[in-house]
Amino acid sequence: MAQGTIIIDHDRCKGCELCTTVCPQGVIEMDEVALNAKGYHPAILVDPNHHCTGCAICSVICPDVCITVYREIPQPRKNKLEEVTSHGA
Amino acid sequence: MTTVTIPIEDMQLIYDRPEALACTHTHYCPGCTHSIAHRLLAEAIDELGLREQTILVAPVGCSVFAYNYFEMDGVEAAHGRAPAMATGIKRVSPHNTVITYQGDGDLASIGIAEIIHAAARGEKITTIFVNNAIYGMTGGQMAPTSLPHQKTTSSPLGRDTDLTGSPLKISELMSQIDGAVYVVRRSLHDVKHIRQAKKAILTALKVQQAGLGFGIVELLSTCPTNWGMTPVDAMHWVETAMVPFFPLGDYKIADSVRQLE
């Protein structure tokens, strides 16, 4: 699965929690401690094991357009096969 | 599972803020789907490359500052009169794309005459109709689209249909008018329906570009603050209460629009 990541503009976030309900990998949580400039607890990416795939579903539901999504550039299939083979060896 | 971190510089950008959407922070409440509707409209305008030629007519209601939130020209209409103002703009400047963005308190109540006659005249404008079944800006009073038994600040015991009548179904109403060529109802309650809504907005803008006639996209939306719900519960309420009452679908797609697709 492709690796991706998101950048959340914390000061734009209004803490509605909608992104946390749609993330298929469950890697978005609400920051229960920090407050942003608006006074809301913003959403944060908690993804130590790099489960985010850059599917961009969070950015579709985010009402405040806080989320920028990145995904790894797909490698040609041949290279991936070579990679697997070399790792196997 | 890989544990190697790929630097963000080596990744490709999948989603970023649309250019047509201004960087301004919106005044909408947390979880309000007005902002989703704004974003979909901005994305559609960017995709069709219409930003430099679009004129947005903002309504009165929560979206009264809509012209501040888009990087394109906009004007503010009197309450409910956005279709009348859009008519004037489109007639003197037919090469511009003219969009009205209206809520249910604006379009379905005080502005019902303007929208019906704009459609009846077949004005070549596009209307984005945000239906959240309540008056949001003024504090959650009953709107013409409030559901039967829905509690609002002006119907604290629930909407009594014997006293206040039944909710207006705008898409069904508009579909009966000959001048309207594209009438659809979509919802913004989940990712799948948000994507369908964007597709409908794109089609509506293409209808105007082709000069086929009047187009309206009704979007079922939330008002978590005035419904007294969390944003997540409000999305659920749209799905379980509003969608059964206001069925989603294509209410009118003229043959000319089908050929366009």
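The sections below set out a description of the structure shown in this document. Along each chain, the written sequence defines residue order, and numbers are assigned to residues from 1. Chains and ligands are labelled by the order in which they are written, letters from A for the one and numbers from 1 for the other. Residue-level local features of this predicted model are given only where pLDDT is at least 70; pairs of side-chain atoms are given and counted only at 80 or more, and the full residue set underlies all totals for whole chains, interfaces and linings. For side-chain calculations, the full set of non-hydrogen atoms in the structure is used, while hydrogens and water are omitted.

## Re the overall build of chain A
(1) Moving on: Along the backbone of chain A there are 3 helices and 4 strands.
(2) Moving on: Secondary structure is summarised from DSSP: a helix means a run of H or I of at least four residues, a strand means a run of E of at least two, and numbering begins at the N terminus for each. When the helices and strands of chain A are placed in sequence order, the string is β-α-β-β-α-β-α.
(3) Moving on: A simple rule labels every residue: compare its accessible area, found with a 1.4 Å probe on the protein chains alone, to the largest value its type can have, and call it buried under 20%, exposed over 50%, or partly exposed in between. Each of the 89 residues in chain A was classed as buried or not, and the buried ones make up 45%.
(4) Moving on: Pairs at least 24 apart in sequence give 64% of the contacts found in chain A among residues at least 6 apart.
(5) Moving on: As displayed, chain A offers around 4,900 Å² of accessible surface, 53% of which is attributable to carbon and sulfur atoms. Contacts are assigned to residue pairs with any non-hydrogen atoms lying within 4.5 Å of each other. Note on areas: these come from Shrake-Rupley sampling with a 1.4 Å probe, and a residue is covered only by the protein chains present in the view.

## Concerning the overall build of chain B
(1) Moving on: Along chain B, the regular secondary structure elements total 11 helices and 8 strands.
(2) Moving on: Scaling as 2.2 N^0.38, a compact globule of 261 residues should have a C-alpha radius of gyration of about 18 Å, and chain B matches this with 18 Å.
(3) Moving on: Counting only C-alpha atoms and orienting by the principal axes, one finds that chain B spans roughly 65 × 45 × 30 Å.
(4) Moving on: Counting all 261 residues of chain B, 56% fall into the buried class.
(5) Moving on: Taking the intrachain contacts of chain B between residues at least 6 apart in sequence as the baseline, contacts between residues at least 24 apart amount to 68%.
(6) Moving on: Working note: accessible area of chain B is about 10,700 Å², and carbon and sulfur atoms make up 54% of it.
(7) Moving on: For the purpose of counting charges, residues Lys and Arg are taken to be positive, whereas Asp and Glu are taken to be negative. His and the chain ends are not included. Positions of charges follow a simple convention, taking NZ of Lys, CZ of Arg, CG of Asp or CD of Glu. For chain B, the distance from the average position of its 20 positive side-chain charges to the average position of its 26 negative side-chain charges is 5 Å. Radius of gyration means the value over C-alpha atoms here, while the globule rule gives 2.2 Å times the residue count to the 0.38 power.

## Points about the interface of chain A and chain B
(1) Moving on: With 36 residues of chain A at the interface, the matching set in chain B holds 37 residues.
(2) Moving on: A 1.4 Å probe defines the accessible area here, and the buried area is the portion of it lost by two parts on being joined, summed over both. The three residues of chain A that bury the most area against chain B are Arg12, Val60 and Val65 of chain A, which together make up 20% of that side's buried surface.
(3) Moving on: The term salt bridge refers to a pairing of a side-chain nitrogen on Lys or Arg with a carboxyl oxygen on Asp or Glu at a separation within 4 Å. At the boundary of chain A with chain B, the tally comes to 0 salt bridges.
(4) Moving on: Polar contacts, as used here, are pairs of N or O atoms within 3.5 Å; protein pairs need one atom able to donate a hydrogen and one able to accept it. Residues neighboring in sequence count only if both atoms are side-chain atoms. Joining chain A to chain B, the criterion identifies 13 residue pairs in polar contact (both at pLDDT 80 or more).
(5) Moving on: Those elements that provide at least two residues to the side of chain A that touches chain B are strand 1 (4–8), helix 1 (18–22), helix 2 (57–61) and strand 4 (67–72) of chain A.
(6) Moving on: Ranked by the residues each element gives to the side of chain A that touches chain B, the list is headed by strand 4 of chain A, at 6 residues.
(7) Moving on: Classifying every residue of the side of chain A that touches chain B by side-chain character gives 18 nonpolar, 10 polar and 8 charged.
(8) Moving on: Any two strands are treated as partners once DSSP identifies two or more bridges connecting them. Both strand 4 of chain A and strand 1 (residues 11–15) of chain B contribute to a ladder of 4 bridges, which runs antiparallel. Across the sheet, the residue bridging to Tyr70 of chain A is Leu13 of chain B, located in strand 1 of chain B. Only Asp, Glu, Lys and Arg are considered charged, only Ala, Val, Leu, Ile, Met, Phe, Trp, Tyr, Cys and Pro nonpolar, and every remaining residue, Gly among them, polar.

## Quick notes on the side chain of Lys90 of chain B
(1) Moving on: Inspection of the secondary structure assignment puts Lys90 of chain B in helix 3 (residues 82–92).
(2) Moving on: Buried charge without a salt bridge: Lys90 of chain B, with Glu123 of chain B as the nearest opposite-charge side chain at an N-O distance of 8.9 Å.

## Overview of the pattern of salt bridges
(1) Moving on: Per the counting criterion, the structure on display carries 12 salt bridges over all chains.
(2) Moving on: Among the ionic pairs, Asp9 of chain A bridges to Arg12 of chain A, the shortest N-O distance being 3.5 Å.
(3) Moving on: Judged by relative accessible area, Asp9 of chain A falls into the partly exposed class, the value being 34%.
(4) Moving on: Each member of the salt-bridge network shares a partner with another, and the members are Arg39, Glu43, Glu47 and Lys198 of chain B.

## A look at the nonpolar core
(1) Moving on: The nonpolar core is taken to be a set of buried Ala, Val, Leu, Ile, Met, Phe, Trp, Tyr and Cys residues, with the residues joined through side-chain atoms within 4.5 Å. If you look at the biggest cluster of nonpolar residues, it comprises 61 residues, and the most contacted ones within it are Ile67 of chain A together with Leu41, Ile128, Tyr182, Ile201 and Val217 of chain B.
(2) Moving on: Top element by residues in this core is helix 8 (residues 191–209) of chain B. It accounts for 9 residues.
(3) Moving on: Counting 21 residues, the second largest nonpolar core, distinct from the first, contains Ala77, Ala118, Ile170 and Ile177 of chain B.

## What to know about the environment of Gln196 of chain B
(1) Moving on: Along the chain, Gln196 of chain B falls in helix 8.
(2) Moving on: Residue classification places Gln196 of chain B among the partly exposed positions, given a relative accessible area of 34%.

## Comments concerning helix 3 of chain B
(1) Moving on: All of the buried residues in helix 3 of chain B are Ala82, Pro83, Ala86, Thr87, Ile89 and Lys90 of chain B.
(2) Moving on: Where the residues of helix 3 of chain B are buried, they touch strand 2 (54–58), strand 3 (73–76), strand 4 (97–103), helix 5 (112–120) and helix 8 of chain B.

## Section: the packing of aromatic side chains
Residue and element names in this part refer to chain B.
(1) Moving on: For Phe, Tyr and Trp, where Trp contributes only its six-membered ring, two rings pair if their centres lie within 6.5 Å, and the inter-plane angle classes them as stacked under 30 degrees, edge-to-face over 60, or tilted in between. Following the criterion strictly, the structure yields 3 aromatic pairs over all chains and no others.
(2) Moving on: Arranged with centres 5.2 Å apart and planes meeting at 80 degrees, the rings of Phe245 and Phe246 form a pair that is edge-to-face.
(3) Moving on: Classification of Phe245 by relative accessible area gives partly exposed; the value is 24%.
(4) Moving on: Between Lys169 and the ring centre of Phe245, over which it is positioned, the NZ or CZ distance is 4.5 Å. Should the NZ of a Lys or the CZ of an Arg lie within 6 Å of a ring centre and within 35 degrees of the ring normal, that charge is described as sitting over the ring.

## Description of the sheet that holds strand 4 of chain A
(1) Moving on: Read across the sheet, 3 strands follow the order 1(A)-4(A)-1(B) without closing on themselves; strand pairing throughout is antiparallel. The open sheet has two edge strands, strand 1 of chain A together with strand 1 of chain B, and neither has a second partner. Each adjacent strand pair in this sheet contributes to an overall mean axis angle of 30 degrees, direction not counted. Note on geometry: axes are C-alpha line fits, over the in-contact stretch for helices, and angles between N-to-C directions span 0 to 180 degrees.

## Digging into the packing of helix 3 of chain B against helix 5 of chain B
All names here are of chain B.
(1) Moving on: Closest axis-to-axis distance for the helix 3/helix 5 pair is 7 Å, and the angle between their directions is 35 degrees. Contacts from Pro83, Ala84 and Thr87 in helix 3 reach Glu114, Ile115 and Ala118 in helix 5.
(2) Moving on: Of the residues contributing to the contact of helix 3 with helix 5, the split by class is 4 nonpolar, 1 polar and 1 charged.

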